Amino acid sequence: MALSVGIVGLPNVGKSTLFNALTQASVEASAYPFCTVDPNIGVVEVPDHRLPRLADVIKPESVTPTQVRFVDIAGLVRGASKGAGLGNQFLGHIRECDALIHVVRCFADSQVAHVGGETDPIRDFETVEAELLLADLETAARAYEKVSKILRANARGPGRLEVEALERIVSALETGTPVRKLEFSREMAPVISAYHFLTQKRVLALANVDESGLPDGGESVSRLKIRSPDVEVVVVCAQVEAEIAEMDIEDRIAFLKDYGLESTGIDRLIGSAFRLLDLITFYTTASQKLQAWQVSDGDTAPVAAGRIHSDMETGFIRAEVAACEDVLQAGKMEAVREVGKLRVEGRDYVVKDGDVIRFLFKSD
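This one's a predicted model, so the numbers in the text were calculated from it and none came from an experiment.

## Regarding helix 5 (residues 160-174)
The end-to-end C-alpha distance of helix 5, which contains 15 residues, comes to 21 Å, matching closely the 21 Å that a straight helix rising 1.5 Å per residue would cover. Against helix 4 (121-153) and helix 6 (188-193) lie the buried residues of helix 5. Remark: Gly 176 follows helix 5 within two positions and exhibits a positive phi of approximately 85°.

So, in C-alpha cells, the structure goes:
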C-alpha cells in the first residue's frame, strides 16, 4: 500500500496547482475559493537514485518504484470543523491519510483573492491548525460520551483503556495540544489509532512562494519556521513546479540551476514526507521483477515481508539480504553470494535502508 498524504490549507493557497505539478494531472486551479469540491487523488512515483542503477545490474523484466498517494481536498475556512464550506465533508476525505501537507500561502498577488483579505502566513497556518483541533475535539468528546456510557453499564468492560485515553485527548485538545504530542501505552495506541484523529498525523508545512522567494522563501518563511519550530517547512513555488513538470530533463536541470536549486520542490517534498514518517526503502528481485517497497525505520524482516503479502509475514522463515552497494559492486546477484556479501537473517533482523532482500516463507 502506498504512503498516503493529505493536502490541506485555506482556499487559493496553490493546493491544486501543486497537485497538478505533483501528479502531472489537469485538475482545475482557479483564483476563486472552493474550485476543488470533490477530492483529487493522484499516485506519484518516489524519486529513487538507486533503483535505475540496480536495474542496470540486475536487468529485470520489470521495475516498480515505491509510490506516494496524494489526496487534495478543498480549501478549509474558519468554521470548517462545524461544516463551514462543507468542512466536515472535506476533512473526512483525509482522515485515513498517513500524514498531512499543510500548504501555506507566502506570496502576494492581487489577481488571486485571499479569503483573509491579505496574505498572513502565521494567521493562515493557525486557522487551519485550529480547525483540525476542533474537528478532533468534536470526535473525541462524542466518542468519550459513548464509551463512558457503555462502561457505566459494565465497570469491568473492555472500554476502560479507551475511556482513559479519550479523556486525556479531550483535555489536551481543549488546551490546543494536538494528539500527536501525547504519549500512549502500547495497549492504548491501537485503540486510539482507530479514530484517525487529524492532529495525530505528522504535519509538513509547504511554504508556497512566488519566483522571487526562491530558494529560501525570505522573511515570511522565516516567521513560519519560528512560529512552528517542530514542523519542517519546505519552500516551493507551485507555479514554477507546474512549469518544470512540462519540461524535458535537460531543460529542467538548467531551469533549476537558474533558481539556485539542486532538485525540484516536488522531489524535496516527497523526500521530506519520507523522513517525516521515518520511512526507508528496500528492494526485492523475485520472478525477474525488481520492486521498491517502503517500510518504517526499525521494522523487522517479517514486517517488511508483510508489506508484500500478509502470508509472507505469517509464514516467514528467513531472509537473504544484501546491501544495495554490494549488489552494485558485484555486478549481479549471484556474484554477491560468491564474495560472501549475502547474509542470512532471521525474524529479529531490522531492515536497513537500501537492503535487497529475498524472503523465504512457508504457505498454508
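We are not done yet, so read on.
## So, the pairing of strand 5 (residues 99-105)
With seven of seven residues buried, strand 5 lies mostly within the body of the structure. The alternating pattern of strand 5 places Ala 99, Ile 101, Val 103 and Arg 105 on one face and Leu 100, His 102 and Val 104 on the opposite face, and all of these are buried. Sheet analysis places strand 1 (residues 3-8) next to strand 5, joined by four bridges and oriented parallel. Each residue of the ladder has a partner; that of Gly 6, found in strand 5, is Leu 100. Here strand 5 pairs with strand 6 (residues 202-208) via seven bridges, running parallel. Bridging from a neighbouring strand, Ile 101 pairs with Leu 204 of strand 6.

## Here we look at the layout of surface pockets
Roughly 860 Å³ of volume is contained in the largest pocket. With three residues, strand 9 (residues 289-296) is the single largest residue contributor to the lining of the largest pocket. Its boundaries defined by the atoms lining it, the second largest pocket holds a volume of some 590 Å³. Every residue lining the second largest pocket is counted, 24 residues in all, and those nearest its centre are Thr 284, Thr 285, Ala 286, Met 333 and Arg 358. Mapped by element, the contributors of at least two residues to the lining of the second largest pocket are helix 2 (50-58), strand 9, helix 14 (333-338) and strand 12 (355-361).

Parameters and conventions
- Residues numbered from 1 in each chain as written.
- Predicted model: local features only at pLDDT ≥ 70, side-chain atom pairs only at ≥ 80, totals over all residues.
- Heavy atoms only, no water.
- Helix = DSSP H or I, 4+ residues; strand = E, 2+ residues; numbered from the N terminus.
- Expected span 1.5 Å × (residues − 1).
- Contact = heavy atoms within 4.5 Å.
- Buried < 20%, exposed > 50% of the residue type's maximum accessible area, 1.4 Å probe, protein only.
- Pairing = 2+ DSSP bridges.
- 1 Å grid on protein atoms, 1.4 Å probe; cavity = no way out; pocket = protein on both sides within 12 Å on 5 of 7 lines; lining within 4 Å.
- Points joined across faces, edges and corners; volume = space filled by probe spheres on them.

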